[in-house]
Amino acid sequence: MSDARGAGPVRLALHDGWTLRAVSGPQAPPEVDGRAAPVEVDGRVVPAEVIGRHVPAAVPGCVHTDLLAAGLIPDPYLDDNETALGWIGHTDWVYETTFDRPAGDHRRLDLVCAGLDTVATITLNGVEVGRTENMHRGYRFDVTSLLHAEDNTLAVRFDSAYRYAEAHRDRLGDRPNAYPEPFQFIRKMACNFGWDWGPTLVTAGVWQEIGLHGWSVARLATVRPLVTVDGGDGRVDLHVEVDRVAELPVTVQAEVAGVTAEATIPAGERAAVLTLTVAEPELWWPRGHGAQSRYELAVTLCGPDGDTLDDWRRRIGFRAVRLDTTPDAQGAPFALHVNDVPVFVRGVNWIPDDALPTRVTRDRLAHRFDQATQANVNLLRVWGGGRYESDDFYDLADEHGLLVQQDFLFACAAYPEEEPFASEVAAEATEQVTRLASHPSLVLWTGNNENIWGWHDWDWQAPLAGRSWGHGYYLELLPRIVAALDPTRPYWPGSPYSGNEEIHPNDPAYGTTHIWDVWNTDDYTKYREYLPRFVAEFGYQAPPAYATLRRALSDQPLAHDSPGMAHHQKAIDGDLKLRRGLDAHLPVPRDFDDWHYLTQLNQARAIQLGVEHFRSHRGLCMGTIVWQLNDCWPVTSWAAVDGDGRRKPLWYALRRAYADRLLTVQPRDAAPARVDGGLAPVQGGLGLVAVNDTGQPWRSSATVTRLTVAGEPRAKTTLELDVPAYATVTLPLPAELARPDEPRAELLVADAGTDRALWFFAEDRDIRWPAADFAATVEPAGDGQQLRVTARTILRDLTLYPDRLHPSARVDEALVTLLPGESTTFTVHADTPLDPAALTTHPVLRCVNDM
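Residues numbered from 1 in each chain as written. Predicted model: local features only at pLDDT ≥ 70, side-chain atom pairs only at ≥ 80, totals over all residues. Heavy atoms only, no water.

Draft legend 1. Spatial organisation of the packing of aromatic side chains. If you walk through the whole model with that rule in mind, you get 41 aromatic pairs. Note on Tyr77 and Trp633: the rings are 6.1 Å apart at their centroids and 65° apart in plane angle, and the pair reads as edge-to-face. You can see Tyr77 sitting in the loop between helix 1 (63-69) and helix 2 (81-84) and its partner Trp633 sitting in the loop between strand 32 (623-626) and helix 15 (649-657), a full 556 residues away along the chain. For the residue pair Tyr77 and Trp633, the accessibility class agrees, reading buried in each case. Aromatic ring contacts, followed pair by pair, group Tyr179, Phe183, Trp195, Trp197, Trp383 and Trp627 into a single cluster. (Phe/Tyr/Trp six-rings, centres within 6.5 Å; stacked < 30°, edge-to-face > 60°. Helix = DSSP H or I, 4+ residues; strand = E, 2+ residues; numbered from the N terminus. Buried < 20%, exposed > 50% of the residue type's maximum accessible area, 1.4 Å probe, protein only.)

Draft legend 2. How the structure looks around the packing of helix 4 (residues 362-374) against helix 5 (residues 391-400). Contact geometry of helix 4 with helix 5 gives a least axis separation of 10 Å together with a crossing angle of 35°. By crossing handedness, the relation of helix 4 to helix 5 is classed as right-handed. Side by side, helix 4 and helix 5 meet where Arg362, Leu365, Ala366, Phe369, Asp370 and Thr373 of the first sit next to Asp392, Phe393, Asp395, Leu396, Ala397, Glu399 and His400 of the second. In terms of residue class, the contact of helix 4 with helix 5 is made up of six nonpolar, two polar and five charged. (Axes fitted to C-alpha atoms, helices over the stretch in contact; angles between N-to-C directions. Left-handed = near helix turned anticlockwise from the far one by under 90°. Contact = heavy atoms within 4.5 Å. Nonpolar A, V, L, I, M, F, W, Y, C, P; charged D, E, K, R; others polar.)

Draft legend 3. Representation of empty space enclosed by the protein. Counting across every chain of the model gives five cavities of 30 Å³ or more. The computed volume of the largest cavity comes to approximately 60 Å³. Every residue lining the largest cavity is counted, 15 residues in all, and those nearest its centre are Asp159, Ser160, Ala161, Thr203 and Ala204. Taken together, the residues of the lining of the largest cavity break down into seven nonpolar, five polar and three charged. (1 Å grid on protein atoms, 1.4 Å probe; cavity = no way out; pocket = protein on both sides within 12 Å on 5 of 7 lines; lining within 4 Å. Points joined across faces, edges and corners; volume = space filled by probe spheres on them.)

Draft legend 4. View of the confidence of the model for the protein. In this model, the protein carries an average pLDDT of 95, and 95% of its residues clear a pLDDT of 70 or more. This model gives residues 25-35 a pLDDT under 50, and the stretch forms 21 contacts once residues within four places in sequence are excluded. Across residues 671-682, confidence stays below pLDDT 50; counting only partners more than four residues off in sequence or on other chains, it has 17 contacts. (pLDDT = per-residue confidence, 0-100.)

Draft legend 5. Geometry of the pattern of salt bridges. The final tally for this structure, using the stated rule, is 67 salt bridges. Note that Asp142 and Arg108 form a salt bridge whose closest N and O atoms lie 3.6 Å from each other. Linking Asp142 in strand 11 (residues 139-142) with Arg108 in strand 7 (residues 108-113), this pair joins segments that are 34 residues apart in sequence. Arg533 serves as the salt-bridge partner of Asp328, at 2.9 Å between the closest nitrogen and oxygen. With Asp328 in the loop between strand 22 (321-324) and strand 23 (335-338) and Arg533 in the loop between helix 10 (517-520) and strand 31 (535-538), this residue pair connects regions lying 205 residues apart in the sequence. You can call Asp328 partly exposed: its relative accessible area is 32%. (Salt bridge = Lys/Arg side-chain N within 4 Å of Asp/Glu carboxyl O.)

What follows is the structure, encoded as structure tokens:
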């Protein structure tokens, strides 16, 4: 190869040999470096042992994880340690390493930073290379002329995110937000600054990969495949841009499914578009609708002599997606269609799985995705107060058939549209839309979380006094970027949003809605008053698993209001709202064990009621996204899976409510009856609703029985179910079933094969429950144990908590209601065999009528 063309490409990861130190300066004066005395930073005490000390650092990583690994700070997730660590976010930090220049005569050597958190100054051998101020972007710097053959020193200084954000707030004028933190004045993970489920841990660090890229002639700057389906054929319009250091012709070659294409980019030009048409490919489908077929798309950039200059590979899926929002008689729908099939969204909201995001591995994500799919979830909404997730996240979503709704990163605040933010947002959105274009799972971009709603309803307009708040981002900039770079996917300006600025953004009849009067002010039975087109957020709180609490809290004894419990409850008046929910439905808890069981039960009941109601109106309503799947630390929250990855009872209820086939009893006007010589619907009736979310008809006989809690039948009927694929059928129940003789002592049971639905005519607190009576046996079973329970009386919401005996213990089922004479088997797995006697007694085995 000639000297003009240089050596072949090389990539060198720079992940080793890093150290971390707090910066001497206004925060930590030089005269105290190394002194055995603490230093005050913005009113917060920096421990003396940190000042002037070089700490081994992991890259990718962050200051908190490095200090924790060095034993210099306590675990921020335990007790109230979080509070004592506030100084970290107010301190400046420097990461530093040394390395040798890679071998070879490369025309360019770039320092490539996939993610810097956040306000960074990069120097190489004492020379400033660049500055950054956006956690959500990658950066590339030409460092060719600065490199020595050996012992190059790379330093990244991170200035305090607080100081940066507060300076812009003071310059531009404050703007309203949901919490007293300046998170909207910096392009950084908003929930770093705390949320109503998360700790305030303002991170800094080299949080994604960093390294050198040596190249010559040209490199692939961006590769953006736009994948569509046209009739039976798949089409890839491949948009390629190159960077150059030599004005020579280069060739782009592409291959997918045996189809190839090639284009030459002449000297002086930077872009090409290649089209590859694949005849009748196997389509990619969301889970429950078909297979997740993917094909490798390989792109190679070659020099004029045919040598490889750069390459790019991804697995793509052929699928078409559209969003139906055509106005109708009921308002305007919000219905996703994949491959021309309407998909009822059974979704969950996703937050960062750890407040310290570099701890989230592919294996951890895979486990969480398994938990989602096992709960019959088909969509994850990546919420706008977190991050654009890792490549692993979207690859796993493609693999699992989990649809992804991706928020742009704006949440619960009025965001400034002035510089530098306007340019940063445009660059960030351009990068992320391009990065994620290859993923078939990504089906929807959303402009923000709750900001349009906030502007309408949260008393923002007066304090804003005409200042910018994000409108231009959500209604102009972001849709323009998506339309230009990825017209294959729909964009929606916000969550919630009605689809029309003239209609209230949270109108349930139009577009998407968030329901938060339930939980904040109203009982969960109010869900039944809503007939929404699409519910993008609704949720109810409960504490985490007992083993999670015991690991995280040293409270003795645990109580709902003990110091650790109070610190790990971040919601305003959260404990009072939990109590209000219990008072409306359940017996009064006698102690913490009762409180823990009943609050977890109430959370599960609330969400199951809401989901079943919304699914029963399939067609009018085309989706629910529960708040939330996961937690980022141990906390009382709305999550189904707690911060230690343990499934709460809500998870089991969600699995039931999101089942492919759902049988549910719902309030409905009964079939017409003769009233005053005519026919009129009977008010206050009940209907049996069968929801079929499979591709096959559901035909079955359903037996519906009204009986007493003692098991004595009072009325019975048999109904025939004939439910087409992806449809819902409602069968009115006759009055003799829908009207009890003794509401406090009766229930309905509907059985259709293995599917069962229950309806109680009174609240648990008012029902005349018999004392729980049952027989229980425990036997070894493979690598676990099986607990078989046979009911002598009704057992309402029987739940096993094996983690109370060992933190590794987990169980396959929960919230099982048994009628007298019925049995169920719980399978338990743990790292060690559990005591059979303890497994069968309070507080490990619980039901409502054991109190």
